[in-house]
Each structure stands twice: as C-alpha cells, then as structure tokens.
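# Inside the fold
Residue-level listing of the chains:
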Amino acid sequence: MAGSVPSTGSRLGQGAGRRELVVLANQPCGPYRLLQVDDPHGATPQPGQFAMLSALEGWGAGADGRPYLPRALSYARHRDGQAHFLIAEVGPGTKRLCALAPGERVGMLGPLGRPFQRAADAQAHVLLVGGGIGIAPLLALCDLLPGRAHALFGFRDASCAQAAELCERPAALQIATDDGSVGRRGSAVELLVAELARARQAAASAGRQVVVAGCGPPPMLEALRRFCRERDLACELSVEAPMACGYGACHGCVLELREGSYARACIEGPVFAGERLGPIPDYEA
Amino acid sequence: MPADRQGARPPVRISSAGALELCGIALAHPVINGSGTYDLRAALSVFGQALLDAMPFAAYVSKTITIAPRQGNPPPRLWESSAGLLNSIGLPNPGLRAYLEEELPLLEQLSVPLITNVMGADVDEIRELFEACSEQPAIAAVELNVSCPNVKDGLDIGSDPRTLHEVLRKTRAALSKPLIVKLTPNTADVAACAAAAEQAGADALSLINTLRAAAMRSDGRPWLGARSGGLSGPAIRPIALAQVAAVAERVQIPVIGMGGIQSARHARDFLAAGASVVAVGTESFRDPFLAARIAAELSGERALANFARSAAIAAPAPNRQGARRAGCEPARAETE
Ligand SMILES: Cc1cc2nc3c(=O)[nH]c(=O)nc-3n(C[C@H](O)[C@H](O)[C@H](O)COP(=O)(O)OP(=O)(O)OC[C@H]3O[C@@H](n4cnc5c(N)ncnc54)[C@H](O)[C@@H]3O)c2cc1C
Ligand SMILES: Cc1cc2nc3c(=O)[nH]c(=O)nc-3n(C[C@H](O)[C@H](O)[C@H](O)COP(=O)(O)O)c2cc1C
Ligand code: FES
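Criteria and thresholds
Residues numbered from 1 in each chain as written. Chains lettered and ligands numbered in written order. Predicted model: local features only at pLDDT ≥ 70, side-chain atom pairs only at ≥ 80, totals over all residues. Heavy atoms only, no water. Helix = DSSP H or I, 4+ residues; strand = E, 2+ residues; numbered from the N terminus. Buried < 20%, exposed > 50% of the residue type's maximum accessible area, 1.4 Å probe, protein only. Contact = heavy atoms within 4.5 Å. Areas by Shrake-Rupley, 256 points an atom, 1.4 Å probe, with all protein chains shown as cover. Pairing = 2+ DSSP bridges. Axes fitted to C-alpha atoms, helices over the stretch in contact; angles between N-to-C directions. Salt bridge = Lys/Arg side-chain N within 4 Å of Asp/Glu carboxyl O. Buried area = accessible area lost by both parts, 1.4 Å probe. Domains from an automatic or database assignment. Polar contact = N/O pair within 3.5 Å; in protein donor to acceptor, adjacent residues only side chain to side chain. Core = buried A, V, L, I, M, F, W, Y, C linked by side-chain atoms within 4.5 Å. Parallel < 35°, antiparallel > 145°, perpendicular 65-115°, else oblique. Left-handed = near helix turned anticlockwise from the far one by under 90°. Nonpolar A, V, L, I, M, F, W, Y, C, P; charged D, E, K, R; others polar. Disulfide = S-S within 2.5 Å. Near = heavy atom within 4 Å.

Moving on, we get to the overall build of chain B. Looking only at helices and strands, chain B has 13 helices and 14 strands in total. By the burial criterion, 60% of the 336 residues in chain B qualify as buried. Sequence-distant contacts in chain B: of pairs separated by 6 or more residues, those separated by 24 or more amount to 74%. Total accessible area computed for chain B in this model is approximately 12600 Å², and 53% of it derives from carbon and sulfur atoms.

This is the structure:
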C-alpha cells in the first residue's frame, strides 16, 4: 500500500479522536471493578480490541505525579451503546479509574488494535483460557459466540474468581484457583491440559478446529504459548506492553516476534497469532 | 545583542489573511509536530480520512531518518515518570532509501508541507542525507537531529558548539533546502550551540529534544531496555521554556519551541519566550487531535506573540517581497 493514503473512514466512529464520556456505573466484582461508560456514538469494538482511558478530573494528581498518560483497557463487553471494562488496581492509573463515580467523565480513545480473528471464525471450536484480570477480553469474545465458547479461567483465590460470573452463556465454564478455594487447584493452563483431548474430539466430530484464545499474566501466557506450540494448537494471545499512545504513533509498545523483528502491540496486536510470538516478556520478573 | 532586545519586539497582529512562513514555507498556523511523536502511516490506519480532514499540524515533521535501517531499541521502551514520559525508542526507521521510495509517496499527499528529520553519525553521512533530500521536491525543509554520538569521540555532535559548527560548515552546501537544526538540550550551553548553528548556515532551530534520563526497577536494575532514555512531556516544560528563551535571545533565525506543550496557554508561553512556531509531541499520545485545538485557539486570538519576534527581525516593515514573515527568511540569504 506504499504510496496511497488510506481513505477509509475512521474506525473509531463519530468524532474520530478522543471522546469525553460519562461514567454510568462502577461496581465491585471481587477485588476488581466493572466500569460502565456511556458511549452512544463510538464504533462497536470487536472482541480483543481496547481503549485508552483517563479520568478527566484528578488525573495527574496522584502520588508520584502519576498517572499522566491514559491507560489501556480491553473492552470486556459492549452493549446498548455502553462500554464495560473490568479493571484490576495495580498502580496510580488503575487506582483512579477504579475510584470513578457515576457522573464523572473520562477521556476515551478507541476501539483500537487488532481483535481476535481465528477465534471469531464460525468453524472454530473456541477455548477461552484466561488468567485473573486477563479474562476481560475473553468475556467480549464469549458474548460474540453465545453457547459456543468453553471458558477455562484461573484466579488467585475465591474472591477473584467472582469475576467469572460476568461470563454469560459459555458452552461450559471451568474454574481453577491458585489456592484451590474454588474449582481445581492450579492455573488456567492446567485446565487446558486436562480438557484438550475432549475438546479435540468434540471439535473433530463437529468438523471444527480447536482454537485457543488466551490472555493473562506474562508467566501464564508464556506457559500457554509453549503448550500450544508443543501440541500444534491454533492459538491467539492478547499480550500486554507498556503503552503511551495506543494508536501506533510512539513505537513504544513493541514486542519481539519469534523471527526477531519488533511489532507494536497497539496496532499489530494486542491479539497475536501465538506462533508469531517469541517468549512473552515479564518486566516484573 | 542588546540586552533589551526581547522587550523591543513590538507585538504584531496577523490578520487571518496574513501568511505565516517558516523559512519561506507557508504555514496555516504555528503548530507542528515533534519529530518521532506522530507516526503518520499508523495514525492514518486508525483515524483514516478524519485525520486528513483535520490534519492537526501546519507542517508534518517525519521521524528521524538514518542512512541504514534501524530496528530501534529492545523493549521495554517506555516509563511514565512524574508528569512525563521516558522513552528509549531508539529511532527505528526504514533507512533513507526505503523512506524515499516507500514513505515519501504517502507523505507527499498530505495537504501540509513536509519536513524530513535526518541524523548522521559523521560528515559523510550527513552530506549523503542532505544530497538525497535536496533531490526530492516533496521535501520542503530538512531538520537535522544532532543528538547523535559522533564517531570520533562518542559525544553528541550537537553538544559541543565547535563540533556542531564544523559539521554544519562541511555539510550545509549539500542541502539546497532550508535547514532546521534540532538542538540537543543535553549540553552545557545551548545558546552557544544555537549561535554556532546559525553561523554555520542553519535557517531555523528547533528545541528542546528529550533530556537524558533513567528509571530503575524495584530490584535496582535499569527499567528501559536501552538502560537510559529521554524525558519528555509536561515535566520538561519549564526547562524547555528557559532554553528557548536563551536561544531566541542569542540568534536571529526563527526558533521552533517544544517540550511539554499541552494547551494554547503553554504554546503562548513558548511564543512569548521567543519561539516563532511551536511543536506538540508527547501530548499527542494523550489526545491525537490536541494540536488542532491548540491551533484553533491560537488562530482565534489573531494576536500571536511570535509574530512579534518575526516582525522585529523582518523589519524594516513592508519588507522583502512584501510578505509578512514569521521571521523565517533564510538567514543564509543574508549571511552568505
Ligand atoms: C492492550 C491492553 C489491554 C489491557 N486490558 C486491561 C484490562 O482490561 N483490565 C485491566 O485491569 N488492565 C488491563 N491492561 C493493563 C493496564 O493497562 C495496566 O494495568 C495499567 O496501565 C497500569 O497502570 P497503573 O498506573 O495502574 O500502574 P503502573 O504503576 O503503571 O504499573 C503497572 C505495571 O507497569 C510497570 N510500571 C510500574 N511503574 C511504571 C512506570 N512508572 N512506568 C511504566 N511502567 C511502570 C510495572 O510492570 C507495573 O506492574 C491492559 C493493557 C494493555 C496493553
Ligand atoms: C516517543 C518519542 C519519540 C521521539 N522521536 C524523536 C525522533 O525520532 N527525532 C527527534 O528529533 N526527536 C524525537 N523525539 C523528541 C520530540 O520530537 C520532542 O523534541 C520532545 O519529545 C519534547 O517535546 P514534548 O515534550 O512535547 O514531547 C521523540 C520524543 C518521544 C517522546
Ligand atoms: S503505544 Fe504508542 S505505538 Fe503502541
């Protein structure tokens, strides 16, 4: 496409740029918050896409002079012109977003990024493999595939596992917790290990192919990536990277691909075909 | 330079019909982008026609182009600090040839003038970049990023006035277009560097680039993949203002001011400090169309403080070719 200016309309719906929107609700969901924002004119996101969000008031006033930049959040649901986000408080940005009260306003840019594609295919037998807050984009995918997706969710404990209740109309839902307080003791990847043979059989008899859609903390995602590679399983993973802009402008969010080049998580991802990815980086480790 | 020169610049009103020029390039308003902060191809893929219809910048400055392609630095490349952003992007770019063949045809179609930002590690590289850009009608001006380690001693070419002067003196003739030198703020005396660049044939100066900075992980190791990076955003604005004022005080050529601009008020501060044009960088990450709103607000006011400076320089008034200048007639025309 070198040499031609893409002349498609904006993918973001009316108003193209950052929109100022009103918070409708913000409810606890275990240790997480479910934030609902009124977005009547925004484009409908596809599962796996995200938005850059900031509070219009009290953004930048936190300890440390942060947050400054907006924060990336996956759409967990989009319904009746409302965008839903499931948020875990991990630092100053998510702390402010978790504290938003109904009626407060947010700045929002989105939907952004590449959505799940293989998993959205009609021929896919979809396994949603999510860890903790990583279930957020998988909820949106489950909404797209009512009665068709098998959810395999892992959480730290029973409190976090309450978020699984947000998963509507899965074909099946299995839960694991690190402490064994709900469901099986272990991780979502262990649920997949146990479930795979049955899933392959069911898929084969329906003339379908198993596709894994995964999101979660880096160590879990890396375990999932390797497992899928070893078993030759089609998989799509939603990967996090520190972001500044979310629309490809800054080149800050790169991930190293398996063949050694860098890809921007915000425009080439956040959802990547598993086989394109190198080891999932864990900057905390 | 008389100490009271700044005060001697009379405020000038520019009518909406009045043309603003930077080095002979007509600008619709005084807001452009900071190099490397607005990947246009990516932004077009996200915003589509809306971006072309509401192009936020009066001129588009490319990211830094080098002769050889660069992949950029290993991640992580970003760290948020107090009201600022550290980056160690590492100037990823496709290299000169691919830029000219693959990106230029896209940039050519923009409705605003194109400024190509380039960087070379020595005189030969810079000359090659200048010659290649001279041949391209689509390029209105070249901005030279001098925050580049010099092959000789590893110091940034732009951090020492004598080195900068020597490099520019040996390369300036290779460029047939206006030359903007993007000064580095990581130097002992930015005004001395500015004066050296002016003397060696720069037509305009831009500043500030990012300030060298680092951040640590909780275990004490550097966070950024490249260990250190550059700080931008609101945190650097007061420093940028001081450097812009010091440079504007020292040189006759126009100054493009940037560093943490978030609003029309901030833009006015830079214009008041002596900038003719301002650039928005990091703030576009928060709001991709912010620059357009700043420009609209400034244009609405009509009285743009920067034109004061230009007018003072372009005096005696109904000046050369009768155009209203934003102080941007190439200085070379006078000094050479
Ligand atoms: C595409 C995408 C989708 C996402 N979806 C969701 C979602 O649906 N729900 C959700 O809760 N989260 C989601 N996230 C993660 C979310 O964006 C981050 O948790 C958030 O940005 C953290 O901001 P903070 O200020 O709360 O925490 P920060 O203090 O910024 O810390 C978050 C992490 O960033 C690193 N860090 C620490 N300090 C800094 C610093 N100063 N600068 C840069 N990095 C630092 C550390 O690794 C830390 O654990 C998503 C991220 C991406 C990229
Ligand atoms: C992510 C990022 C990438 C940048 N890339 C370049 C570059 O390629 N060339 C350059 O001359 N300056 C580059 N800069 C510097 C900016 O153009 C600008 O000088 C600086 O960020 C200060 O302005 P700001 O605070 O408004 O961002 C970059 C800055 C950032 C934040
Ligand atoms: S976050 Fe800026 S390029 Fe991806």
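The next point concerns the sheet that holds strand E12 (residues 209–215) of chain A. Neighbouring strands of a sheet are bound in pairs by backbone hydrogen bonds; such pairs are parallel or else antiparallel. Residues and elements named next belong to chain A. Pairing in this open sheet of 7 strands is mixed, and the strands run E11-E10-E9-E8-E12-E13-E16 from one edge to the other. In this open sheet, the two edge strands, each paired with only one partner strand, are strand E11 (184–185) and strand E16 (271–273). Packing of helix H5 (residues 218–230) onto the sheet brings it into contact with strand E8 (124–131), E12 and strand E13 (234–238), and relative to E12 it is tilted by some 160 degrees.

Time to look at the sheet that holds strand E4 (residues 60–65) of chain B. All names here are of chain B. As summarised here, the arrangement of the 8 strands in space is E3-E14-E13-E10-E9-E8-E7-E4, forming an open sheet in which the pairing is parallel. Edge positions in the sheet fall to strand E3 (31–33) and E4, since each has one partner strand and no second. Recorded for the sheet is a direction-independent mean angle of 25 degrees between the axes of neighbouring strands. Pairing between strand E10 (residues 204–207) and strand E13 (residues 255–258): 3 bridges, direction parallel. Bridge pairing links Leu205 to Val255 in E13. Set on the sheet, helix H4 (residues 96–107) makes contact with E4, strand E7 (114–118) and strand E8 (139–145); between it and E4 the angle comes to about 165 degrees. Most of the contacts of helix H9 (residues 264–272) go to strand E14 (residues 277–280), to which it runs at about 140 degrees, and overall it touches E13 and E14.

In this section: the pattern of salt bridges. For the structure shown, the criterion picks out 27 salt bridges over all chains. Linking Asp219 of chain B and Arg217 of chain B is a salt bridge whose minimum nitrogen-to-oxygen distance equals 3.0 Å. Since its relative accessible area comes to 16%, Arg217 of chain B is described here as buried. Of the charged contacts in the structure, one is a salt bridge between Glu283 of chain B and Arg286 of chain B, with a shortest N-O distance of 2.9 Å. Linking Glu283 of chain B with Arg286 of chain B, this pair stays in helix H10 (residues 283–286), spanning 3 residues, or about one helical turn. A relative accessible area of 22% places Arg286 of chain B in the partly exposed class. Connected through salt bridges with shared partners, the residues Arg77, Arg79, Asp143 and Glu168 of chain A form a single ionic network.

This part covers the interface of chain A and chain B. Across the contact, 46 residues belong to chain A and 50 residues belong to chain B. Each partner contributes to the roughly 3800 Å² buried at the junction of chain A and chain B, and carbon and sulfur atoms together form 61% of this total. Per-residue buried area on chain A facing chain B is highest for Tyr68, Tyr247 and Tyr283 of chain A; these three make up 22% of the total on that side. Applying the counting rule to chain A against chain B returns 4 salt bridges. In this structure, the salt-bridge partner of Arg18 of chain A is Asp287 of chain B, at a minimum N-O distance of 3.9 Å.

Glancing now at the domain arrangement of chain A. Residue and element names in this part refer to chain A. The domain boundaries assigned to chain A delineate domain 1 (19–111) and domain 2 (124–276). Between domain 1 and domain 2, the C-alpha centre-to-centre distance is 22 Å. Facing 21 residues of domain 1, the contacting portion of domain 2 comprises 25 residues. Of the roughly 1900 Å² buried between domain 1 and domain 2, counting both surfaces, carbon and sulfur atoms make up 68%. On inspection of domain 1 and its partner domain 2, the count reaches 5 residue pairs in polar contact (both at pLDDT 80 or more).

One recurring pattern in soluble globular proteins is that nonpolar side chains are buried together. Ranked by size, the top nonpolar core spans 130 residues in total, and within it Leu224 and Tyr247 of chain A together with Leu183 and Leu205 of chain B carry the most contacts. Among the elements that line this core, the one with the most residues is helix H4 (residues 188–205) of chain A, at 7 residues. Each of two domains, domain 1 (19–111) and domain 2 (124–276) of chain A, supplies a minimum of three residues to this core. Ignoring sequence-local partners within four residues, the contact set of Leu205 of chain B consists of Ile180, Val181, Leu183, Ala194, Ala197, Val247, Val251, Ile253, Pro254, Val255 and Ile256 of chain B. One finds Ala88, Phe116, Cys142 and Phe153 of chain A within the second-largest nonpolar core, a separate group that totals 33 residues.

Okay, the packing of helix H7 (residues 190–199) of chain B against helix H8 (residues 237–250) of chain B next. Residue and element names in this part refer to chain B. Two elements in contact, H7 and H8, have axes whose closest approach is 9 Å; the angle formed by their N-to-C orientations is 40 degrees. Judged on the interaxial angle alone, H8 and H7 are oblique. Relative to H8, the crossing made by H7 is right-handed. Together, Val190, Ala191, Ala192, Ala194, Ala195 and Glu198 of H7 and Gln243, Ala246, Val247 and Arg250 of H8 make up the contact between the two elements. Partitioned by chemical class, the residues of the contact of H7 with H8 number 7 nonpolar, 1 polar and 2 charged.

Take the state of the cysteines next. All names here are of chain A. Taken as a whole, this structure holds 0 disulfides over all chains when the rule is applied. Between Cys167, a free cysteine, and Cys142, which holds the nearest cysteine sulfur, the sulfur-to-sulfur gap is 3.7 Å. Relative accessible area serves as the criterion here: at 8%, Cys167 is assigned to the buried category.

In this section: the site of ligand 1. In the vicinity of ligand 1 there are 24 residues, among which Ala72, Gly93, Thr94 and Glu284 of chain A together with Glu80 of chain B approach most closely. Proximal residues around ligand 1 fall on chains A and B, making this an inter-chain site. In the model, an oxygen atom of ligand 1 is placed 2.8 Å from a nitrogen or oxygen of the Arg71 of chain A side chain. A distance of 2.6 Å separates a nitrogen atom of ligand 1 from a polar atom in the backbone of Glu80 of chain B. Relative to its unbound accessible surface of 950 Å², ligand 1 loses 83% to contact with the protein. Within the residue set of the shell around ligand 1, elements represented by two or more residues are strand E4 (71–74), strand E6 (82–87) and helix H1 (92–98) of chain A together with strand E5 (78–81) of chain B. With 4 residues, E4 of chain A is the single largest residue contributor to the shell around ligand 1. When grouped by side-chain class, the residues that make up the shell around ligand 1 number 15 nonpolar, 4 polar and 5 charged. Looking at the shell around ligand 1, you find at least three residues from each of domain 1 (19–111) and domain 2 (124–276) of chain A.

Our next topic: the site of ligand 2. Of all residues adjacent to ligand 2, which total 24 residues, the nearest are Ser35, Thr64, Lys182, Gly260 and Thr282 of chain B. The environment around ligand 2 is built from residues contributed by chains A and B. At 3.3 Å, a side-chain N or O of Asn117 of chain B approaches an oxygen atom of ligand 2. Starting from 610 Å² of accessible surface for ligand 2 in isolation, the protein chains cover 96%. Partitioning the shell around ligand 2 into residue classes produces 7 nonpolar, 16 polar and 1 charged.

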